[in-house]
Amino acid sequence: MLLASHEIERYAHRVGEGELHAGFQRLSTLESQTHIYEKLRDADVDVHVYGAGDTDAPAGLVEHTSDADEILESWFVVFDSDRSPVDARALVAVETGDREFTGFWTYENDTVDDVLARLRDRYPATRETETLRADD
């Protein structure tokens, strides 16, 4: 799953536009991968992160905090390009045991749209951090 997640992140970086939505169960899990998400932000990808609000998201990311079981028990990375529906892709998995997951990987635009619609409908942004510039 980690390899599939990184493939989607790298692809989003290469495309350089669109939205990437990633679930971390807890936002503190993002801390070890902050550099990846800052690179995506700097490549003009709108980055949305989901998880329990046990810490703040890095500057320039859209934070979606929730204690819902669906967020606490899932792992997802979803990319939707502004450029083309062919660029859409998603990994969605639910934890079924001690770090064991079941789920799916897709390039199907309709499925990606369905996943994003669910996220947008159920988990609105709780905080949009500002990007800090060196001249600020």
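Here the structure is a predicted model, which means the values were calculated and not measured.

Let's shift gears to the pattern of salt bridges. Summed over the entire model, instances satisfying the criterion amount to eight salt bridges. The partner of Arg41 in a salt bridge is Asp42, with the nearest N and O atoms 3.0 Å apart. For Arg41, a relative accessible area of 16% gives the class buried. Asp42 sits in the exposed class, given a relative accessible area of 54%. Three or more residues are tied together by salt bridges with common partners; here these are Asp56, Glu63 and Arg127.

A few words on a negative patch on the surface. Residues Asp44, Asp46, Asp82 and Glu128 make up a contiguous surface patch of negative charge. Locating Asp46 in the fold gives a position in strand E2 (residues 46-52).

Turning our eyes to something else, we now look at the side chain of His6. Mapped onto the elements of the fold, His6 is located in helix H1 (residues 2-15). Side-chain polar atoms of His6 contact the side chain of Glu9, separated by 2.6 Å. Leave out the neighbours within four places in its chain, and His6 touches Gln33 and Ile36.

What follows is about unusual backbone geometry. Positive phi is not limited to glycine here, since Gln25 has a value of about 65°. In this fold, Gln25 is placed in strand E1 (residues 19-26). Given a relative accessible area of 14%, Gln25 falls into the buried group. We note that Asp44 has phi near 70°; this positive angle belongs to a residue other than glycine.

Take the side chain of His21 next. Position of His21 among the secondary structure elements: in strand E1. On the basis of relative accessibility, which here comes to 1%, the residue His21 falls in the buried class. A distance of 2.7 Å separates a polar atom in the side chain of His21 from a polar atom in the side chain of Glu19. Polar side-chain contacts of His21 include one of 2.7 Å to the side chain of Tyr50. When residues no more than four places from it in sequence are discounted, the contact partners of His21 are His48, Tyr50, Phe76, Val77, Val78, Leu116, Leu119 and Arg120.

Analysis parameters
Residues numbered from 1 in each chain as written. Predicted model: local features only at pLDDT ≥ 70, side-chain atom pairs only at ≥ 80, totals over all residues. Heavy atoms only, no water. Salt bridge = Lys/Arg side-chain N within 4 Å of Asp/Glu carboxyl O. Buried < 20%, exposed > 50% of the residue type's maximum accessible area, 1.4 Å probe, protein only. Patch = residues over 30% accessible without salt bridge, like charges linked within 9 Å, V, L, I, M, F, W, Y side chains within 5 Å. Areas by Shrake-Rupley, 256 points an atom, 1.4 Å probe, with all protein chains shown as cover. Lys, Arg positive; Asp, Glu negative; His and termini not counted. Charge placed at Lys NZ, Arg CZ, Asp CG, Glu CD. Helix = DSSP H or I, 4+ residues; strand = E, 2+ residues; numbered from the N terminus. Polar contact = N/O pair within 3.5 Å; in protein donor to acceptor, adjacent residues only side chain to side chain. Contact = heavy atoms within 4.5 Å.

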